[in-house]
Amino acid sequence: MNSKEKVIEVRGLTKKFGNFTAIDRLDFDVFKGEIFGFLGANGAGKTTAIKILCGLLHPSSGKASVAGYDVYKQTESVKRSIGYMSQRFSLYEDLSLYENIRFYGGIYGLRGKFLKERSNDMIARLGLEKEKKTLIADMPPGWKQKIAFSIALIHEPKIVFLDEPTGGVDPITRRQFWDLIYEVASKGLTVFVTTHYMDEAEYCNRLSIMDEGKIVALDSPDRLKSEYSAKDINEVFVKIAR
Amino acid sequence: MILIENISKSFGKRLALDSIDLSVKDNELFGLIGPDGSGKTTLFRILCSLLLPDSGKALLNNHDVVKDYNKIRRIIGYMPGRFSLYNDLSVEENLNFFARVFGTSIKKNYGLIKDIYKRLEPFKDRRAGNLSGGMKQKLALSCALIHRPEILILDEPTTGVDAVSRKEFWEMLSGIIEQGITIMVSTPYMDEAVLCNRVALMQEGRLLRVDSPQAIIDAYPKDIIALRADDMYRLVMDLRDFPQADSVLLFGQEVHYSGKGKNIDRDAIRKYLEDKEHKDIQINTISAGIEDSFLQLMA
């Protein structure tokens, strides 16, 4: 469960593109084992903030550390400490399950016998031994999602970024996936979720909502609902972003 | 109206649509609800005369989708799931292009698209490729409407669009219904189902149920409670081990529980959870929502 150990620490984080301020003095912390939702309308600045936290973009000013590493100077260490999964960018459809795992493991710097063992372990944990050589294209969406999630964790990151993780899957599969997220979080992994779907946001421990480059709300879903006198997060979001 | 009789379609060995029967009334806002891969797009492509069924037939306002495909294409407006306008044409050029393909003009049918297009007009010289997701969606809807179709077919128009734009989009659909047009819309999102007059729940190429959202909710057969405790993951796991448990599912910050029989012994559950040392236990009786009903139908 949640602890007080900070794994993401952001202070005054700002990014400008020319005259345009994409993110404007963000301040927030994310704790170990927390499921943190990062919401905002299209163009609110979410992607810019995430790119910085993933070590892919330099901020203009302010401070941020991810897993204890500085996002200005230690971007390679940041990248090694995080996992990333998105609905759109995930598995290679024309590679088999085993090939996908080996490929991503290789990208994360795992090699040789160790990678082989890790790959086989993962397939065993997924219960997909018989599907080792099956092409990803021939698998149902629910499997793909679990595989993509496991692959994002292959290098044992401290934080995993999930970009709209459950869009387009059926509600049963979606819940199995959230069971999995709760399980890894209970073991101390920090889960950072972005989504447009407010019912997905309700599963998070805390939510931040961005509007025009600023964080305009940050609290637990319950407290946000009572603060905005809203029946659900969708209503909170519409009240803030409209 | 739309009349679908016994439509089946396979791709190789995979049966994408399995004997679909369905009718949509005139001026109805009809929702096709189902996950990716359930067959929604295949059905829409058949209705739009873009794909031939293996068997069965479908009529749109009495025109056959196979034999009368020319007529079909004039009476429908179709918004495919993927953005299919011209990225290197401006907003206005796209709209003009679609109007002229159908032998009409923006001016002639402006009344129909006014409420939607007025939000785009400040950007009418911007290239479509440079629009935000929500604006692309509004332009695509305007282009699908510009020839004043009798039937509008919208394939997942709100996928990948933010919550505010989604809300606006559904408000626009109510406006279109008021103009006498029939709408068939698909979505993977259960919360949008309640905004339709009737919905069909689709799974693996079959229709599980067709009814009004309220009737689907009312048909939920059991009592249902919502539970919370300090450690939600442990709560779910323990509840699933409770001997009387049938369905234990996460709903955001709550767990929805229904038992093997109709009734629920709340005291027994509370005691069971207290014995397992859960803290801050809250138990509330709730009425089922549309998603509870769908989950129950899909299980």
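Residue positions are given per chain, counted from 1 along the sequence in the order it is written. Chains and ligands are labelled by the order in which they are written, letters from A for the one and numbers from 1 for the other. Whole-chain, interface and lining totals are the exception, using all residues; otherwise, since this is a predicted model, local features are given only for residues with pLDDT of at least 70 and side-chain atom pairs are given and counted only at 80 or more.

Now for the overall build of chain A. In terms of helices and strands, chain A carries 9 helices and 10 strands. Across its three principal directions, the C-alpha atoms of chain A cover 50 × 40 × 35 Å. Each residue is classed by its C-beta neighbour count within 10 Å, where at least 20 other C-beta atoms makes it buried, 12 or fewer makes it exposed, and intermediate counts make it partly exposed; the C-beta atoms are placed from backbone geometry. A total of 242 residues make up chain A; the buried ones form 40% of that total. At a minimum sequence separation of 6, the contacts of chain A that also span at least 24 residues come to 68%. Put simply, DSSP marks the helices as runs of H or I at least four residues long and the strands as runs of E at least two long, and each gets a number from the N terminus on. A pair of residues counts as a contact when their C-beta atoms, built from backbone coordinates, are within 7 Å of each other.

The next thing to look at is unusual backbone geometry. Positioned with a positive phi, glutamate 156 of chain A is a non-glycine residue whose angle comes to about 50°. Structurally, glutamate 156 of chain A is set in the loop between helix 5 (141–152) and strand 7 (159–163). Positive phi, close to 50°, is recorded for arginine 148 of chain B, a residue that is not glycine. Position of arginine 148 of chain B relative to the elements: it lies in the loop between helix 5 (133–145) and strand 7 (151–154). Take arginine 148 of chain B: there are 17 C-beta atoms within 10 Å of it, and that puts it in the partly exposed class.

Side chains of nonpolar character tend, in soluble globular proteins, to be buried together. Buried Ala, Val, Leu, Ile, Met, Phe, Trp, Tyr and Cys residues form a nonpolar core when they are connected through C-beta atoms within 7 Å. One finds Val160 and Val191 of chain A together with Leu47, Leu152, Ile153 and Ile183 of chain B to be the most contacted residues of the largest nonpolar core, which totals 138 residues. Boundary definitions for the domains trace back to an automatic or database domain assignment. Counting residues domain by domain, this core receives three or more from each of domain 1 (2–217) and domain 2 (220–298) of chain B. Residues contacting leucine 152 of chain B, with those up to four places away along its chain left out, are Gly77, Ala144, Leu145, Ile176, Ile181 and Ile183 of chain B.

A separate point is the packing of helix 6 (residues 171–186) of chain A against helix 8 (residues 232–241) of chain B. Orientation of helix 6 of chain A relative to helix 8 of chain B, taken along the N-to-C sense of each, is 125°, at an axis distance of 9 Å. On the basis of their axis angle, the class for helix 6 of chain A and helix 8 of chain B is oblique. Crossing angle aside, the handedness with which helix 6 of chain A passes helix 8 of chain B is left-handed. The segment helix 6 of chain A lies against helix 8 of chain B, with Asp179, Tyr182, Glu183 and Ser186 of chain A engaging Met232, Tyr233 and Val236 of chain B. Gly counts as polar in this scheme, as do all residues outside two lists: the nonpolar Ala, Val, Leu, Ile, Met, Phe, Trp, Tyr, Cys and Pro, and the charged Asp, Glu, Lys and Arg. For the contact of helix 6 of chain A with helix 8 of chain B, the residue count by class is 4 nonpolar, 1 polar and 2 charged. Whenever a helix is involved, its axis is fitted only over the stretch in contact; in every case the axis is a line through C-alpha atoms, and angles between N-to-C directions fall within 0 to 180 degrees. Reported orientations rely on four angle classes, namely roughly parallel under 35 degrees, roughly antiparallel over 145, roughly perpendicular from 65 to 115, and oblique for the rest. Two helices that cross are described as forming a left-handed crossing if the nearer one is turned anticlockwise from the farther one by less than a right angle, and a right-handed crossing if clockwise.

Attention now moves to the interface of chain B and chain A. Residue-level contacts link 29 residues of chain B with 30 residues of chain A. Listed by contribution, the elements that provide at least two residues to the side of chain B that touches chain A are helix 5, helix 6 (163–178), helix 8, strand 12 (245–251) and helix 10 (290–298) of chain B. Per-element tally for the side of chain B that touches chain A: the top contributor is helix 10 of chain B, with 4 residues. Counted by class, the side of chain B that touches chain A contains 15 nonpolar, 8 polar and 6 charged residues.

Residues and elements named next belong to chain B. Following the sequence through the fold, alanine 200 ends up in strand 9 (residues 198–203). Residue classification places alanine 200 among the buried residues on the basis of 25 C-beta atoms within 10 Å. Between the C-alpha atoms of alanine 200 and glycine 34, which are 166 residues apart in sequence, the distance is 8.4 Å. When near neighbours in sequence (up to four residues on either side) are disregarded, alanine 200 contacts Leu22, Leu32, Ile33, Leu207 and Val210.

What follows covers the environment of proline 141 of chain A. As for its position among the elements, proline 141 of chain A is in helix 5. In this structure proline 141 of chain A comes out as partly exposed when scored by C-beta crowding, with 17 C-beta atoms within 10 Å. Between the alpha carbons of proline 141 of chain A and glycine 45 of chain A there is a distance of 29 Å; along the sequence they are 96 residues apart. When sequence neighbours within four positions are dropped, the list of residues in contact with proline 141 of chain A reads Val169 and Thr173 of chain A together with Pro35, Asp36 and Gly37 of chain B.

Attention shifts here to the domain arrangement of chain B. All names here are of chain B. Taken domain by domain, chain B consists of domain 1 (2–217) and domain 2 (220–298). Centre-to-centre separation of domain 1 and domain 2, based on C-alpha positions: 38 Å. The interface of domain 1 with domain 2 comprises 10 residues on the first partner and 9 residues on the second. Taken together, the elements giving at least two residues each to the side of domain 1 that touches domain 2 come down to strand 9, strand 10 (206–211) and helix 7 (213–218). Element by element, the count of residues in the side of domain 1 that touches domain 2 is highest for helix 7, at 3 residues.

Another point: helix 4 (residues 112–126) of chain A. Relative to the 21 Å expected for 15 residues at 1.5 Å per residue, helix 4 of chain A spans 21 Å between its end C-alpha atoms, a close match to the ideal helical length. Following helix 4 of chain A by one or two positions, glycine 127 of chain A adopts a phi angle in the positive range, close to 70°. One less than the residue count of a helix, multiplied by 1.5 Å, gives the span that helix is expected to have.

We now examine the packing of helix 4 (residues 110–117) of chain B against helix 5 of chain B. Residue and element names in this part refer to chain B. Viewed as axis vectors pointing N to C, helix 4 and helix 5 meet at an angle of 175°, and their least axial separation amounts to 10 Å. On the basis of the axis angle, helix 4 is roughly antiparallel to helix 5. For the pair helix 4 and helix 5, contact is made by Leu112, Ile113, Ile116 and Tyr117 and by Lys138, Leu141, Ser142 and Leu145, respectively. In the contact of helix 4 with helix 5, the residues fall into 6 nonpolar, 1 polar and 1 charged.

Residue and element names in this part refer to chain B. Every buried residue belonging to helix 3 (residues 91–101) is among Val91, Asn94, Leu95, Phe98 and Ala99, and all of these are buried. For helix 3, the buried positions fall inside an angular range of 130° around the axis, keeping them on one side. Taken together, the buried residues of helix 3 touch helix 5. Just downstream of helix 3 lies glycine 103, where phi reads positive at about 70°. Arc definition: directions from the helix axis to the C-beta atoms.

Below, the discussion takes up the sheet that holds strand 1 (residues 6–17) of chain A. Residue and element names in this part refer to chain A. Whether two strands pair comes down to DSSP finding at least two bridges between them. Taken in spatial order, the 4 strands of this open sheet run 2-1-4-5, and their pairing is antiparallel. Each of the sheet's edge strands pairs with one partner strand only, and the pair in question is strand 2 (20–31) and strand 5 (69–70). In terms of strand pairing, strand 4 (residues 61–66) meets strand 5 through 2 bridges, oriented antiparallel. The residue bridging serine 65 from the neighbouring strand is aspartate 70, located in strand 5.

Our focus in this paragraph is the sheet that holds strand 13 (residues 254–259) of chain B. Residue and element names in this part refer to chain B. Strands sit in the order 12-13-11-14 across an open sheet of 4 strands; the sheet is antiparallel. The outermost strands of the open sheet, each flanked by one partner alone, are strand 12 and strand 14 (282–286). Averaged over all pairs of adjacent strands, the angle between strand axes in this sheet comes to 25°, irrespective of strand direction.

Residue and element names in this part refer to chain A. For strand 7, the tally of buried residues reaches 5 of 5 residues, placing the bulk of the element in the interior. Neither face of strand 7 is open: one carries Ile159, Phe161 and Asp163, the other Val160 and Leu162, and all of them are buried. The pairing of strand 6 (residues 82–86) with strand 7 spans 5 bridges and is classified as parallel. Among the inter-strand pairings, methionine 85 is bridged to a residue of strand 7, identified as leucine 162. Strand direction decides the pairing type here: strand 7 and strand 8 (residues 190–194), joined by 5 bridges, are parallel. Residue pairing in the sheet places valine 160 in a bridge with valine 191 of strand 8.

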